[in-house]
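Structure at a glance
Take a look at the letters that make up each chain.
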Amino acid sequence: PVVPAREQNVPPEIRPALPSQPGSSEKSPQQPPSRVDRLAPPPDEHSLLTTAVRRLRTAHDPMSALAALDDYRVRFPSGGLAPEAGMLRAEALLQIGRKGDALAELDRLSLGQMPNSDERYVLRGELRAGVGRWREALADFDVVLRGHAGQSAEIGAPTDAKAHGRLERALWGRALARSRLGDDAGARADLQECLRRFPRGRFAPEAARLLGEHR
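All of the points below concern the structure found in this document. (Residues numbered from 1 in each chain as written. Predicted model: local features only at pLDDT ≥ 70, side-chain atom pairs only at ≥ 80, totals over all residues. Heavy atoms only, no water.)

**Let's talk about the overall build of the chain**
- Scanning the chain for helices and strands turns up 9 helices and 0 strands.
- Ordered by position from N to C terminus, the α and β elements of the chain give α-α-α-α-α-α-α-α-α.
- The burial tally for the chain puts 36% of its 215 residues in the buried class.
- When contacts within the chain are restricted to residue pairs at least 6 apart in sequence, those whose partners lie at least 24 apart make up 50%.
- Only carbon and sulfur atoms are counted for the fraction: they give 53% of the accessible area of the chain, which is about 13800 Å². (Helix = DSSP H or I, 4+ residues; strand = E, 2+ residues; numbered from the N terminus. Buried < 20%, exposed > 50% of the residue type's maximum accessible area, 1.4 Å probe, protein only. Contact = heavy atoms within 4.5 Å. Areas by Shrake-Rupley, 256 points an atom, 1.4 Å probe, with all protein chains shown as cover.)

**Quick look at the environment of leucine 210**
- Relative to the helices and strands, leucine 210 is located in helix α9 (residues 204-213).
- Taking the C-alpha atoms as reference, leucine 210 lies 8.6 Å from arginine 188; in sequence the two are 22 residues apart.
- If we skip the residues at most four places from it in the chain, leucine 210 touches Trp172 and Leu191.

**As for the pattern of salt bridges**
- In total, this model carries 21 salt bridges according to the counting rule given.
- The partner of arginine 174 in a salt bridge is aspartate 142, with the nearest N and O atoms 2.9 Å apart. Of the two residues, arginine 174 sits in helix α7 (residues 161-180) while aspartate 142 sits in helix α6 (residues 134-146), which places them 32 residues apart along the sequence.
- Three or more residues are tied together by salt bridges with common partners; here these are Asp107, Arg124, Arg128, Arg133, Glu136 and Asp140. (Salt bridge = Lys/Arg side-chain N within 4 Å of Asp/Glu carboxyl O.)

**So, the nonpolar core**
- Ranked by size, the top nonpolar core spans 45 residues in total, and within it Leu69, Leu106 and Leu191 carry the most contacts.
- With near-sequence residues (within four places) excluded, leucine 106 lies in contact with Met87, Ala90, Leu111, Leu123, Arg124 and Leu127. (Core = buried A, V, L, I, M, F, W, Y, C linked by side-chain atoms within 4.5 Å.)

**Some points on α7**
- Taking 1.5 Å per residue as the helical rise, α7 with its 20 residues ought to reach 28 Å, and the 29 Å between its terminal C-alpha atoms agrees with that figure.
- Within α7, 14 of the 20 residues are buried, which leaves it mostly tucked inside the rest of the structure.
- Glycine 182 lies just past α7 and shows a positive phi near 85°. (Expected span 1.5 Å × (residues − 1).)

**Details of the packing of α6 against α7**
- Viewed as axis vectors pointing N to C, α6 and α7 meet at an angle of 145°, and their least axial separation amounts to 9 Å. Crossing angle aside, the handedness with which α6 passes α7 is left-handed. Facing Trp134, Leu138, Phe141, Asp142, Val144 and Leu145 of α6, the residues of α7 in contact are Leu167, Arg169, Ala170, Leu171, Gly173, Arg174, Leu176, Ala177, Arg178 and Arg180.
- Taken together, the residues of the contact of α6 with α7 sort by class into 10 nonpolar, 1 polar and 5 charged. (Axes fitted to C-alpha atoms, helices over the stretch in contact; angles between N-to-C directions. Left-handed = near helix turned anticlockwise from the far one by under 90°. Nonpolar A, V, L, I, M, F, W, Y, C, P; charged D, E, K, R; others polar.)

**As for the packing of aromatic side chains**
- Summed over all chains, the structure comprises 2 aromatic pairs.
- Taking 5.4 Å as the distance between ring centres and 45° as the angle between the ring planes, the aromatic pair formed by tyrosine 72 and phenylalanine 76 counts as tilted.
- Among the residues examined, tyrosine 72 registers a relative accessible area of 2% and is labelled buried.
- Phenylalanine 76 gets classed as partly exposed once you look at its relative accessible area, which sits at 22%.
- Ring centres of tryptophan 172 and phenylalanine 203 lie 5.0 Å apart, and the angle between their planes is 5°; this geometry places the pair in the stacked category. Pair noted here: tryptophan 172 is in helix α7 and phenylalanine 203 is in the loop between α8 (184-197) and α9, with a separation of 31 residues, a long-range link. Comparing tryptophan 172 with phenylalanine 203 shows no difference in burial state: the two are buried. (Phe/Tyr/Trp six-rings, centres within 6.5 Å; stacked < 30°, edge-to-face > 60°.)

**Some details on helix α1 (residues 45-58)**
- In this model, α1 (14 residues) spans 19 Å end to end at C-alpha, consistent with the 20 Å of a helix rising 1.5 Å per residue.
- Along α1, the residues that are buried comprise Glu45, Leu48, Leu49, Thr51, Ala52 and Leu56. On an axial view of α1, the arc spanned by its buried residues comes to 155°, and they lie on one face. Among the exposed residues of α1, those oriented more than 90 degrees off its buried face are His46 and Thr58.
- Buried residues along α1 sit in contact with α2 (62-75) and α3 (82-95).
- Just past α1, the residue histidine 60 takes up positive phi, approximately 55°. (Arc of directions from axis to C-beta.)

Here it is in structure tokens:
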């Protein structure tokens, strides 16, 4: 067959790529439809915190949880869930032994506006006491104990083990803080109250020993 003039100078191996001649029954090769990669939408605040909680409390992987919280901080520096993210960060930092960094996170938070604030105040008071910030620690323990000032001695009953533990820790912590700040009478009163409310508590033996030493 005679090669058409338009194909004479075209290498044979690429001739099939040329369009068919007018009137030819051969169809042009069809190009596959272009594919548009659809990127997943960026995670919102809630989903990022859910990921952090799952990694921290279900997978017990605080380093991975911190990575999710770092992502949250970059994406939502003034997010509506920033206080919750701060508490999760403090929790993760405590799990890996970084108490100073955990305290720095708690220092930035308005704990009174958060749920379960008693536990958060006690934790921050203990961390502050641990670095010698006794006056600030005293203020945190005071917040918790003032909130339960009108309750009877039965507050130590095991109906709520977590509340039981928080109040015992707050009394013990305030006793230590008062002692360090020179308020021996206040410290003694807290130790006596600790023994009265929690006679078989975790601090009872040490409280009894300290009271015995100061008779």
